[in-house]
Amino acid sequence: MVPSRFMWKRTLLQSGMTAAAFFLAGSISFVPRTAAQAPPPPAAAPKALQAPAKPKLVVLLVVDQMRGDYVDKFLGQWTGGLKRLVEEGAWFRDAAYPYAATETCVGHSTISTGAFPSTHGMVANAWWDRKEQKMVTCTLDPDPSAKNIGYVGATPKGADTAWRMGVPSFAEELKFQTNGATRIVTFSLKARAAITMAGHKADAATWFDGGAWVTSSPYGMQPFIEEQAKSHPAKADFGKTWVLSLPESAYWYGEKALGAVPPDGWDLTFPHPLRGKTGVGEPDSAYYEQWASSPYADTALTELAEKAVDALKLGNSNGTDFLAVSYSSVDYVGHEFGPRSREIQDILVRLDKDLGNLFAHLDQKIGRGNYVVALSADHGVVPIPEDMQKTGADAGVLHLPEVQQRIEKALESFNYAKPAVARISGSDVYFATGVYEKLAADSNAMNAVMDAIRTVPGVAAVYRAEELRDRPATPQSSTQSPTHRAFAYSYFAGRSGDLFILPKPYWLLDGTPLGKSRSYGTGHGVPYNYDQHVPVLLMGFGIQPGQYFQPITPADIAPTFGALCGITLASRDGHILAEALKKPIEAHAPAHAAPPKSAPASSPKPNP
């Protein structure tokens, strides 16, 4: 603010200048002018000198396990937010992760940081800690001062933070580089999703655990979440029933998904009641599993996001705020019923409506065009093997306990102490302390191990850590196959395994003990397109609508957000999706400008 004494002097000066202007105008007003003598109009300020506008709110949406082809398959049945993202936004048709570790923690970290796992270090949902000699989750924090905290008096165990994530998230950088004006708020059913989207600190990072909403000490608690947890608890949905949203003729797949393994208390067919175990009259652990696998959980997350906008007035401060929601239920449903199920189709119809409500709320509270949205997924999913086998394809289950048995058997003649294998987790084989170093110096024993793994049904190839340690400078390196390169992008020294198993396409990696039935239908986590291909949709502030076909990765989302917000990220793994950004003059258009009536709302604008 200008002090009053300077305002007084400036007023006198302006009054004198005004009087002089009137006198000068009167003294020359009788001189006729020709067009050639007319003075040029005042020059406009160069646009390059104008500070670029920035979005008021950045919204990140991750749909856990949403395959990229779901958009193509089901778009015609959507009427809400998913449809709006496609029609009003930029749809990247060829988006895929370039790495092998297609898991939840890895994907969310990649989207959040703009880096690949070989950079950010989150190589899996959990890995073998060689020092501690045990499995650790990607968010487990050993700091005694860190502690999980529950809302409404809940007392969760453990401590979950982002301390293992090696680079800052986009949200962290946004807050740091704008001097703390940004509020960071994230929600998910999973700790590894809410935490990695937020980063190391946030105003609220909230997930669901054991029937309660939970956070941890580095993130603090928010009164509006406490109020929402009291007034709209998850247990309030007890007794409801998930029924089909569309006429039965609208569903692509049969009534029963072949090979599906539903939660306890559910059958293979609709309707799916949320009543826990049979005969139980109140919420139990089976009920909360059912709730997490239902559209009611997605609705609860949406309502929390809307409450955050209202309570914290997100998008109405001096800076750019950050809101992220990871919808976990699609992942639970996909694991249980597979991608070719009525359950997947229906839960996306329900999510479409939830997102429509969320966008309408943002339009009302922040203003249409004042916020930017990105939607993607952390990974896809392989078809249920039993279902895939019906097509005549080579599909099956690769039993990891059998891999371990054959490794131990192969080393018997070389006098290695048992157990030689400490753990097999997903594709990663971890040997006991000192064993791999001994194998590296013993070519006969190493060859015996590699040959033994290759004899297991479903194994396509085996890679050694030394082959992956130094990834090529360019993705087009001719010395590596695409799958070899994918494992290299996933490799992080100290956390990754010693050997890496590549299954054949459509073979499910399974750690269920031999002789027992697996407790799920299908999974993910390998470098094939059904796990790597995901949607990337951008909409809102600064985004040029259209369909784009160049190959990109979800690591490109954070740098694109950075370009719109004027900040720099540490990582160079992702790149700015410049083709989908409006030119500055277009980005400064009025926030409430309506699209031309000549452009039909049902079809995206072509890529210019």
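An account of the accompanying structure is given in this report. Keep in mind that this is a model prediction, so the values were computed, not measured. (Residues numbered from 1 in each chain as written. Predicted model: local features only at pLDDT ≥ 70, side-chain atom pairs only at ≥ 80, totals over all residues. Heavy atoms only, no water.)

**Some details on helix H18 (residues 482-490)**
Across the nine residues of H18, eight count as buried, placing the element largely inside the fold. Taken residue by residue, H18 has Thr-483, His-484, Arg-485, Ala-486, Phe-487, Ala-488, Tyr-489 and Ser-490 as its buried positions. On its buried face, H18 is in contact with helix H5 (117-120), strand S16 (459-464), helix H17 (465-468), strand S17 (499-503) and helix H19 (529-532). (Buried < 20%, exposed > 50% of the residue type's maximum accessible area, 1.4 Å probe, protein only. Helix = DSSP H or I, 4+ residues; strand = E, 2+ residues; numbered from the N terminus. Contact = heavy atoms within 4.5 Å.)

**Comments concerning the pairing of strand S4 (residues 134-137)**
Put simply, side chains in a regular strand alternate between the two faces of the sheet. Of the pairings in the sheet, the one linking strand S3 (residues 126-129) to S4 comprises four bridges and is antiparallel in character. Bridge pairing in S4 links Trp-128 to Met-135. Connecting S3 to the antiparallel partner S4 that follows it, the hairpin turn spans four residues, and Gln-133 within it adopts a positive phi of roughly 55 degrees. (Pairing = 2+ DSSP bridges.)

**A word on the sheet that holds strand S6 (residues 184-188)**
The strand order across the open sheet formed by ten strands is S5-S8-S7-S6-S11-S1-S12-S19-S2-S20, and the pairing between neighbours is mixed. Edge strands, defined here as strands with exactly one partner in the open sheet, are strand S5 (148-150) and strand S20 (546-548). Within this sheet the neighbouring strands show an average axis-to-axis angle of 20 degrees, counted without direction. Sheet topology places S6 next to strand S11 (residues 321-327); five bridges connect them, and they run parallel. For Thr-186, the partnering residue across the bridge sits in S11 and is Ala-324. Most of the contacts of helix H20 (residues 557-565) go to strand S12 (residues 371-376), to which it runs at about 175 degrees, and overall it touches strand S1 (57-63), S12 and strand S19 (536-540). (Axes fitted to C-alpha atoms, helices over the stretch in contact; angles between N-to-C directions.)

**Notes on the packing of aromatic side chains**
Tallying each qualifying case throughout the model produces 23 aromatic pairs. Taking 5.9 Å as the distance between ring centres and 40 degrees as the angle between the ring planes, the aromatic pair formed by Tyr-70 and Phe-74 counts as tilted. Taken together, the residues Tyr-70 and Phe-74, both in helix H2 (residues 69-74) and four residues apart, mark about one turn of the helix. There is no split in this pair, since Tyr-70 and Phe-74 are both buried. (Phe/Tyr/Trp six-rings, centres within 6.5 Å; stacked < 30°, edge-to-face > 60°.)

**Here we look at the environment of Ser-490**
Along the chain, the position of Ser-490 falls in helix H18. For Ser-490, a relative accessible area of 8% translates into the label buried. The residues contacting Ser-490, other than those within four sequence positions of it, are Tyr-99, Ala-100, Ala-101, Pro-117, Ser-118, Val-123 and Ser-496. There is a polar contact of 2.9 Å between the side chain of Ser-490 and the backbone nitrogen of Ala-100. (Polar contact = N/O pair within 3.5 Å; in protein donor to acceptor, adjacent residues only side chain to side chain.)

**Topic: the pattern of salt bridges**
By the definition in use, this model includes 26 salt bridges. For the salt bridge of Arg-406 with Glu-402, the shortest nitrogen-to-oxygen distance reads 2.6 Å. Taken as a pair, Arg-406 and Glu-402 lie in helix H14 (residues 400-411) at a separation of four residues, close to a single helical turn. Given the relative accessible area of 28%, Arg-406 is considered partly exposed. Classification of Glu-402 by relative accessible area gives buried; the value is 19%. In this structure, Glu-412 and Lys-409 form a salt bridge, with 3.6 Å as the shortest nitrogen-oxygen distance. Judged by its relative accessible area of 38%, Glu-412 is partly exposed. (Salt bridge = Lys/Arg side-chain N within 4 Å of Asp/Glu carboxyl O.)

**Quick look at the packing of H14 against helix H16 (residues 443-454)**
For the pair H14 and H16, interaxial distance at closest approach is 9 Å and the crossing angle is 150 degrees. Relative to H16, H14 is oriented roughly antiparallel. In the packing of H14 onto H16, the handedness of the crossing is right-handed. Where H14 approaches H16, its residues Val-403, Arg-406, Ile-407, Ala-410 and Leu-411 are matched on the opposing element by Ala-445, Ala-448, Val-449, Ala-452 and Ile-453. For the contact of H14 with H16, a count of residues per class yields nine nonpolar, no polar and one charged. (Parallel < 35°, antiparallel > 145°, perpendicular 65-115°, else oblique. Left-handed = near helix turned anticlockwise from the far one by under 90°. Nonpolar A, V, L, I, M, F, W, Y, C, P; charged D, E, K, R; others polar.)

**Observations concerning the nonpolar core**
Membership of the largest hydrophobic core comes to 129 residues, with the highest contact counts inside it found for Leu-61, Phe-170, Trp-213, Trp-291 and Leu-348. Counting 42 residues, the second-largest nonpolar core is a separate cluster that includes Ala-445, Val-462, Ala-486 and Leu-499. (Core = buried A, V, L, I, M, F, W, Y, C linked by side-chain atoms within 4.5 Å.)

**Let's talk about the side chain of Gln-345**
With respect to the helices and strands, the residue Gln-345 is situated in helix H12 (residues 342-365). A polar side-chain atom of Gln-345 sits 3.0 Å from the main-chain amide nitrogen of Trp-252.

**Examining unusual backbone geometry**
Phe-270 connects to Pro-271 through a cis peptide bond whose omega is 0 degrees. Note that Pro-271 resides in the loop between strand S9 (241-242) and strand S10 (272-273). Here the residue pair Lys-418 and Pro-419 is connected by a cis peptide bond, since its omega of -5 degrees sits within 30 degrees of zero. As for its placement among the helices and strands, Pro-419 is situated in the loop between H14 and strand S14 (421-425). If you check the backbone angles, Gln-65 has positive phi at about 70 degrees while not being a glycine. With respect to the secondary-structure elements, Gln-65 resides in the loop between S1 and H2. Classification of Gln-65 by relative accessible area gives buried; the value is 0%.

**What about the state of the cysteines?**
Evaluated as defined, the whole model comprises one disulfide. Note on cysteine connectivity: Cys-105 is disulfide-linked to Cys-138, with sulfurs 2.2 Å apart. A torsion of 115 degrees about the S-S bond marks the disulfide between Cys-105 and Cys-138 as right-handed. One end of the pair, Cys-105, is in helix H4 (residues 104-113); the other, Cys-138, is in the loop between S4 and S5, with 33 residues separating them in the sequence. The class for Cys-138 is buried, based on a relative accessible area of 1%. (Disulfide = S-S within 2.5 Å.)

**Overview of the packing of helix H11 (residues 329-337) against H12**
Contact geometry for H11 and H12: axes closest at 9 Å, N-to-C directions at 165 degrees. With respect to H12, the element H11 is oriented roughly antiparallel. When the axes of H11 and H12 are compared, the crossing they make is right-handed. Here H11 contributes Ser-329, Val-330, Val-333, Gly-334 and Phe-337 to the contact with H12, which in turn contributes Glu-343, Ile-344, Ile-347 and Leu-348. Residue composition of the contact of H11 with H12, by class: six nonpolar, two polar and one charged.

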